[in-house]
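Listed below, chain by chain, are the residues.
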Amino acid sequence: MSARPTLALVSMAGQSARSVALLSVLGRDVDVVSWRRRGQVKPDAIIATSVEALGEVREVDVPLGVWVQHHEELDHALAGKVDVILTSRSELVARGAVLVPGAGIEVDRWLPASPLVRSRRREARGIDGAYIYEADDHDGGDETAMAMASVVVVSGPMTRIALALGAPTVTSEQTARRLRARPGRDVEVAPSPVEAAALAAEIALDDQRAAGLSRRGRRCAEHHMDLGRPARVIAQRLALSPADVEPSDIAERLDELRTSPNAVIRRRIDDGLAALRTDR
Amino acid sequence: MDVLVCTTQVPFMRGGLEMMVENLVDALVASGHRAEAVAVPAAWERERIFDAPTAWRMLPLDADVVIPVNFPAYYARHPRKILWLAHQHRAAYDALGQPWSDFGLDDASLEAHRQLVDWDSRVLEECLARYTISGVVAERLARYNGLSATALYQPPPLAQRLRPRDSNRKGGHILCPTRLESNKRPGLFLDGLASMDEKVDGVLTGTGSLRSELEKSSERLGLEGRLEMAGFVSDDALVELFRDAIAVMYAPYDEDYGFVTLQAFLAGVPVITTDDSGGVLEWVQDEVTGLVTDGSPAELGRAMDRLVRDPQLARRLGEAGRERVKDLDWQNVVKTLLGGTLR
């Protein structure tokens with residue numbers, strides 16, 4: 001029998017798609033089942049994909065979350081005393097909803113690298129000078145190439161990965177709009193592949209412009225595309241993560257700097273504090 | 001207002017940065033603020049490079065404003081953080097590839113480097129305002145971290161005491177005041193002196209690890225009797241050496257700022273430098289406030305000869321230099337740094 005908590009999803013026809021990306025992140029630490037196909041499994045928490053779907057689980061006494069699309073639904077959810085309200089509409093955040101980006105990824109899975117670090121990575125691989133990587137829509141893009149490229153030319157869903165990796169990015173106007181990336185700030189946009197290539201070559205020669213695009217592109221991913229942080233908040237509010245493990249101040253500070261879980265500094269801090277632990 | 005100037009302690013060392021911090025604290029106090037410096041030691045080798053930044057994130061800094069001036073002091077966590085940056089950890093930036101940089105191309109180095117640049121960018125983004133001690137430092141911040149900053153210049157140490165000599169008195173030597181370390185390139189001064197046609201004296205002040213090597217070079221280049229290696233000199237002696245100089249030669253590699261240039265200008269003395277001296281070139285404009293060379297012994301020697309042979313030229317360049325720096329003052333530095341917080 002699994003020691004992991006179980007989360008059930010209750011969904012109306014055509015609504016489950018909005019939860020897939022979030023559930024894939026939550027699913028790393030919890031088992032996810034369909035409410036209607038749960039069999040004998042008793043879930044530890046439930047997420048309903050709409051206020052309408054919430055009706056099916058009103059009587060169940062476990063923490064409850066619900067997706068809402070507008071203010072009226074949010075009013076309804078609040079009246080129903082749910083534990084967490086999920087939304088993809090930023091205007092509802094001020095009323096307590098947790099923003100779950102529609103086209104989200106777990107941004108911290110990709111470590112950002114500035115153009116300076118990218119040039120060192122290329123040097124380590126014996127690649128001289130600038131390297132412009134044009135991602136192919138069909139193969140989905142090569143993350144290793146995107147992690148060391150001077151500039152990445154990409155459109156569609158892989159653009160999120162390029163931005164998370166801190167790659168100076170040239171994309172289409174449509175992709176920029178969809179991802180809420182600001183042209184000229186977070187990304188550069190070009191109307192055609194030929195113009196995109198020319199723009200990428202220009203950026204590769206301009207250190208300051210590339211560094212600015214890299215930094216702001218990553219922040220854009222963190223602010224508009226991240227599923228990792230909302231997933232942690234949702235798991236806590238649904239009591240799916242241990243409540244008695246409060247992060248220490250120092251861990252909070254490291255998280256604030258989005259420090260990788262494997263960073264050497266975390267081990268050094270553990271070593272440094274080991275002698276002070278009373279439970280040794 | 002209570003202001004903490006945040007800096008890094010390097011035990012047993014005192015240089016330009018320490019003087020800058022002391023002068024800033026004094027200027028803040030003179031402007032009616034309560035001010036003190038907070039210094040935390042740091043380790044520089046790669047394995048321990050994140051220790052001091054992490055410590056800064058945890059420190060309670062109870063003040064109205066904090067002003068960090070260098071790595072890792074800018075990791076100070078405060079809602080009103082105003083950066084006045086002298087330098088980052090140069091081994092991870094402009095000095096990558098130098099023999100003393102321990103950021104190599106192995107996986108551990110590349111990851112530490114990636115994390116350092118990412119952390120730096122995040123904590124520098126937190127600042128209410130970003131200033132740097134020179135345009136060169138601002139340019140590095142833009143190039144490596146994609147962050148904008150404004151250069152805010154300060155007067156050099158001894159600014160109140162440096163004056164041009166009496167117009168009837170002629171200068172007697174060429175001066176090179178610098179630490180005797182490789183990034184300061186004191187050897188170029190010896191090379192230039194040896195290439196001169198005019199046999200004027202040279203005075204090299206300062207201490208450092210290159211001293212014995214330079215003594216050998218002096219002998220090899222036949223500079224005995226012409227070159228005085230004065231070592232450490234008092235402030236009084238330095239003021240006199242500036243005043244009596246025909247020219248100052250100052251040619252460090254990619255200097256952050258370079259107090260020496262400003263001190264020479266305040267003394268009305270032109271500066272000879274090289275075209276790769278970084279912040280020095282924000283002040284030395286070729287044929288206007290000094291002479292910019294390619295750094296070859298022949299060019300340096302020719303520049304020195306020109307100023308020895310043409311006192312009118314030396315005076316004109318020196319006066320133009322003084323004009324460039326005469327308005328630098330600490331009150332302006334304080335007003336600019338705290339300006340945003342007073343609104």
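These lines cover the structure that appears in this document, whether it is placed above or below. (Residues numbered from 1 in each chain as written. Chains lettered and ligands numbered in written order. Predicted model: local features only at pLDDT ≥ 70, side-chain atom pairs only at ≥ 80, totals over all residues. Heavy atoms only, no water.)

Overview of the overall build of chain A
Here comes step 1: Along chain A, the regular secondary structure elements total twelve helices and ten strands.
Here comes step 2: Its C-alpha atoms give chain A principal-axis dimensions of about 65 × 55 × 35 Å.
Here comes step 3: When each of the 280 residues of chain A is scored for burial, the buried share is 46%.
Here comes step 4: Once local pairs closer than 6 in sequence are excluded, the contacts in chain A between residues at least 24 apart make up 54%.
Here comes step 5: Of the roughly 14400 Å² of accessible surface on chain A, 50% is carried by carbon and sulfur atoms.
Here comes step 6: Averaging the coordinates of the 38 positive side-chain charges in chain A and doing the same for the 40 negative ones gives two points 2 Å apart. (Helix = DSSP H or I, 4+ residues; strand = E, 2+ residues; numbered from the N terminus. Buried < 20%, exposed > 50% of the residue type's maximum accessible area, 1.4 Å probe, protein only. Contact = heavy atoms within 4.5 Å. Areas by Shrake-Rupley, 256 points an atom, 1.4 Å probe, with all protein chains shown as cover. Lys, Arg positive; Asp, Glu negative; His and termini not counted. Charge placed at Lys NZ, Arg CZ, Asp CG, Glu CD.)

Some details on the packing of helix α9 (residues 297-309) of chain B against helix α10 (residues 311-325) of chain B
All names here are of chain B.
Here comes step 1: Orientation of α9 relative to α10, taken along the N-to-C sense of each, is 100°, at an axis distance of 5 Å. In terms of orientation, α9 lies roughly perpendicular with respect to α10. Where α9 approaches α10, its residues Arg306, Leu307, Val308 and Arg309 are matched on the opposing element by Pro311, Leu313, Ala314 and Leu317.
Here comes step 2: Among the residues forming the contact of α9 with α10, the class breakdown is six nonpolar, no polar and two charged. (Axes fitted to C-alpha atoms, helices over the stretch in contact; angles between N-to-C directions. Parallel < 35°, antiparallel > 145°, perpendicular 65-115°, else oblique. Nonpolar A, V, L, I, M, F, W, Y, C, P; charged D, E, K, R; others polar.)

Focus: the environment of B:Ser217
Residue and element names in this part refer to chain B.
Here comes step 1: Among the secondary structure elements, Ser217 is positioned in helix α6 (residues 211-220).
Here comes step 2: The exposure class of Ser217 is buried, given its relative accessible area of 15%.
Here comes step 3: Counting along the chain gives 60 residues from Ser217 to Ser277, while the straight-line C-alpha distance between them is 22 Å.

A closer look at a nonpolar patch on the surface
All names here are of chain B.
Here comes step 1: A grouping of Val10, Met13 and Trp44 is seen on the molecular surface, where their side chains present a nonpolar patch of about 270 Å² in accessible area.
Here comes step 2: Counting through the fold element by element, Val10 comes out in the loop between β1 (2-9) and α1 (16-30).
Here comes step 3: Val10 gets classed as partly exposed once you look at its relative accessible area, which sits at 31%. (Patch = residues over 30% accessible without salt bridge, like charges linked within 9 Å, V, L, I, M, F, W, Y side chains within 5 Å. Salt bridge = Lys/Arg side-chain N within 4 Å of Asp/Glu carboxyl O.)

Structural notes on empty space enclosed by the protein
Here comes step 1: According to the stated counting rule, one finds three cavities of 30 Å³ or more in the structure shown.
Here comes step 2: The space that makes up the largest cavity amounts to roughly 130 Å³.
Here comes step 3: Surrounding the largest cavity, 15 residues form its lining, A:Ser114, A:Ser214, A:Arg215, B:Asp118 and B:Ser121 being those nearest its centre.
Here comes step 4: Only α9 (207-224) of chain A together with α3 (107-125) and α4 (135-145) of chain B provide two or more residues apiece to the lining of the largest cavity.
Here comes step 5: Counting residues per element, the lining of the largest cavity draws most heavily on α9(A), which supplies five residues.
Here comes step 6: A class-by-class count of the residues in the lining of the largest cavity yields six nonpolar, four polar and five charged.
Here comes step 7: Taken as a whole, the second largest cavity encloses approximately 60 Å³ of empty space.
Here comes step 8: Contributing to the lining of the second largest cavity are B:Leu85, B:His87, B:Gln88, B:Arg90, B:Tyr93, B:Asp94, B:Val137, B:Arg140 and B:Tyr144.
Here comes step 9: With three residues, the top contributor of residues to the lining of the second largest cavity is α4(B).
Here comes step 10: Broken down by class, the residue content of the lining of the second largest cavity amounts to four nonpolar, two polar and three charged. (1 Å grid on protein atoms, 1.4 Å probe; cavity = no way out; pocket = protein on both sides within 12 Å on 5 of 7 lines; lining within 4 Å. Points joined across faces, edges and corners; volume = space filled by probe spheres on them.)

Brief notes about the nonpolar core
Here comes step 1: Core analysis: the biggest nonpolar cluster contains 90 residues, and B:Leu24, B:Trp84, B:Phe242, B:Val248 and B:Leu337 have the highest contact counts within it.
Here comes step 2: Those residues within four positions of B:Phe242 in sequence are excluded, and the remaining contacts are B:Leu162, B:Leu175, B:Pro177, B:Val248, B:Val260, B:Gln263, B:Ala264, B:Ala267 and B:Val269. (Core = buried A, V, L, I, M, F, W, Y, C linked by side-chain atoms within 4.5 Å.)

So, the interface of chain B and chain A
Here comes step 1: Taken together, the 33 residues of chain B in the interface contact 33 residues of chain A.
Here comes step 2: Summed over both partners, the interface of chain B with chain A comes to about 2900 Å²; 58% of that surface belongs to carbon and sulfur atoms.
Here comes step 3: Seen at the junction of chain B and chain A, the total is seven salt bridges.
Here comes step 4: Across the salt bridge formed by B:Arg57 and A:Glu256, the nearest N and O atoms sit 2.8 Å from each other.
Here comes step 5: Counting across the interface, chain B meets chain A through 15 residue pairs in polar contact (both at pLDDT 80 or more).
Here comes step 6: Mapped onto the side of chain B that touches chain A, the elements with two or more residues apiece are α2 (51-58), α3 and α4 of chain B.
Here comes step 7: Of all the elements, α3(B) adds the most residues to the side of chain B that touches chain A, at twelve residues. (Buried area = accessible area lost by both parts, 1.4 Å probe. Polar contact = N/O pair within 3.5 Å; in protein donor to acceptor, adjacent residues only side chain to side chain.)

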